[in-house]
Amino acid sequence: DSGVTQTPKHLITATGQRVTLRCSPRSGDLSVYWYQQSLDQGLQFLIQYYNGEERAKGNILERFSAQQFPDLHSELNLSSLELGDSALYFCASSQAGGRTDTQYFGPGTRLTVL
Amino acid sequence: GQQVMQIPQYQHVQEGEDFTTYCNSSTTLSNIQWYKQRPGGHPVFLIQLVKSGEVKKQKRLTFQFGEAKKNSSLHITATQTTDVGTYFCAGPDNQAGTALIFGKGTTLSVSS
């Protein structure tokens, strides 16, 4: 158990819908990262937050947004969902969000868009 | 753009055989990290290498970082069924700073 929690574990929804994925980092970690894992693309970095502020942005679509709240939990919002958004979404956390920080991954949310 | 590549994509071995996965970056890396993801699980941090030519061992696992800091390898001696999973290497994203770029991983299967 990494100490990172993610809810829900599974999510099934329809195209065009909007969903929110939630992540709570390990106790003491200030940085949260979101990744998308699909069979053909592997693990793709989406976005990173550090202590409530956006720190780095990867291949995140405009239909996707995220935020980190004062209690450090983070939410990833996915809207106007398409079939291709079906994937595993992982949240990871690290202590300080630096280049050499170890990232601890949560169990993931499996999103299925029908 | 920056890429991290891993070979092979899949490897099947008999229990007791050795296994090696190779990781190559298109750019010089300040450090490289290795993660393992069991089937149905999430990536779990294994190790980080920082110095050129660094070699680190964890029991039957040996990790190397190349002299040019552009390649790395993970070698497992005498594989066991518990070694099954996908092994990923990852390096810092030069554009996104503190994010990691992951290789696509090597999936290891072991038959007893």
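Counting of residues starts from 1 at the beginning of each chain's written sequence and follows it residue by residue. Numbering of ligands from 1 and lettering of chains from A proceed in the order in which they are written. Two thresholds apply to this predicted model, a pLDDT of at least 70 for residue-level local features and 80 or more for giving and counting side-chain atom pairs, whereas whole-chain, interface and lining totals are computed over all residues. Side-chain calculation: all heavy atoms of the structure are included, whereas hydrogens and water are not.

## Details of the side chain of A:Ser2
Item 1. Helix and strand definitions here come from DSSP, where helices need a minimum of 4 consecutive H or I residues and strands a minimum of 2 consecutive E residues; each element is numbered from the N-terminal end. Along the chain, the position of A:Ser2 falls in the segment before strand S1 (5-7).
Item 2. Excluding residues that lie within four positions of it along the chain, A:Ser2 makes contacts with A:Arg26, A:Tyr104, A:Phe105, A:Gly106 and B:His42. Pairs of residues are marked as contacts when any of their non-hydrogen atoms sit within 4.5 Å.

## Some thoughts on unusual backbone geometry
Item 1. Across the junction of A:Thr7 and A:Pro8, the peptide omega takes the value -5 degrees, indicating a cis bond.
Item 2. Structurally, A:Pro8 is set in the loop between S1 and strand S2 (10-13).
Item 3. In this structure, the amide linkage connecting B:Ile7 to the following residue, B:Pro8, adopts the cis form with an omega of -5 degrees.
Item 4. With respect to the helices and strands, the residue B:Pro8 is situated in the loop between strand S1 (4-7) and strand S2 (10-14).
Item 5. For B:Ala78, which is not glycine, the phi torsion reads 50 degrees and is therefore positive.
Item 6. With respect to the helices and strands, B:Ala78 occurs in the loop between strand S8 (71-76) and strand S9 (85-92).

## What about the layout of surface pockets?
Item 1. As a volume, the largest pocket reaches approximately 740 Å³.
Item 2. A cavity, in this analysis, means grid points on a 1 Å lattice covering only the protein atoms where a 1.4 Å probe fits yet has no way out; a pocket is instead an open set bounded by protein on both sides within 12 Å along at least five of seven lines, and a residue lines either one if it has an atom within 4 Å of a point. A:Gln37, A:Ser38, A:Leu39, A:Leu88 and B:Gln37 are the residues nearest the centre of the largest pocket, which is lined by 29 residues in total.
Item 3. Taken together, the elements giving at least two residues each to the lining of the largest pocket come down to strand S4 (31-38), strand S9 (87-94) and strand S11 (109-113) of chain A together with S9 of chain B.
Item 4. Residues belonging to the lining of the largest pocket are distributed by class as follows: 8 nonpolar, 16 polar and 5 charged.
Item 5. There is about 480 Å³ of room inside the second largest pocket.
Item 6. A:Gln44, B:Gln2, B:Gln3, B:Ile101 and B:Phe102 are the residues nearest the centre of the second largest pocket, which is lined by 22 residues in total.
Item 7. For the lining of the second largest pocket, the elements supplying multiple residues, two or more each, are strand S5 (42-50) of chain A together with S1 and strand S10 (100-102) of chain B. Grid points are joined across faces, edges and corners, and a volume is the space filled by probe spheres set on the points. For this classification, Asp, Glu, Lys and Arg are treated as charged, while Ala, Val, Leu, Ile, Met, Phe, Trp, Tyr, Cys and Pro are nonpolar and the rest, including Gly, are polar.

## Observations concerning the pairing of strand S7 (residues 61-65) of chain B
Within a regular strand, the side chains alternate between the two sheet faces.
Residues and elements named next belong to chain B.
Item 1. Burial status follows relative accessibility: with a 1.4 Å probe on protein chains alone, a residue under 20% of its type maximum counts as buried, one over 50% as exposed, and anything between as partly exposed. Burial within S7 is extensive, with 4 of its 5 residues counted as buried.
Item 2. Two strands make a pair as long as DSSP finds a minimum of two bridges between them. Of the pairings in the sheet, the one linking strand S6 (residues 55-58) to S7 comprises 4 bridges and is antiparallel in character. Paired with Val55 across the strands is Gln64, a residue of S7.
Item 3. Between S6 and S7, which pair antiparallel one after the other, the connecting turn spans 2 residues, and Lys59 there sits at a positive phi close to 55 degrees.
Item 4. Across 5 bridges, S7 lies against S8 in antiparallel orientation. Opposite Phe63, over in S8, you have Leu74 as the bridge partner.
Item 5. Turn length for the S7-S8 hairpin, with the two strands adjacent in sequence and antiparallel, is 5 residues, and the turn residue Lys69 shows positive phi of about 55 degrees.

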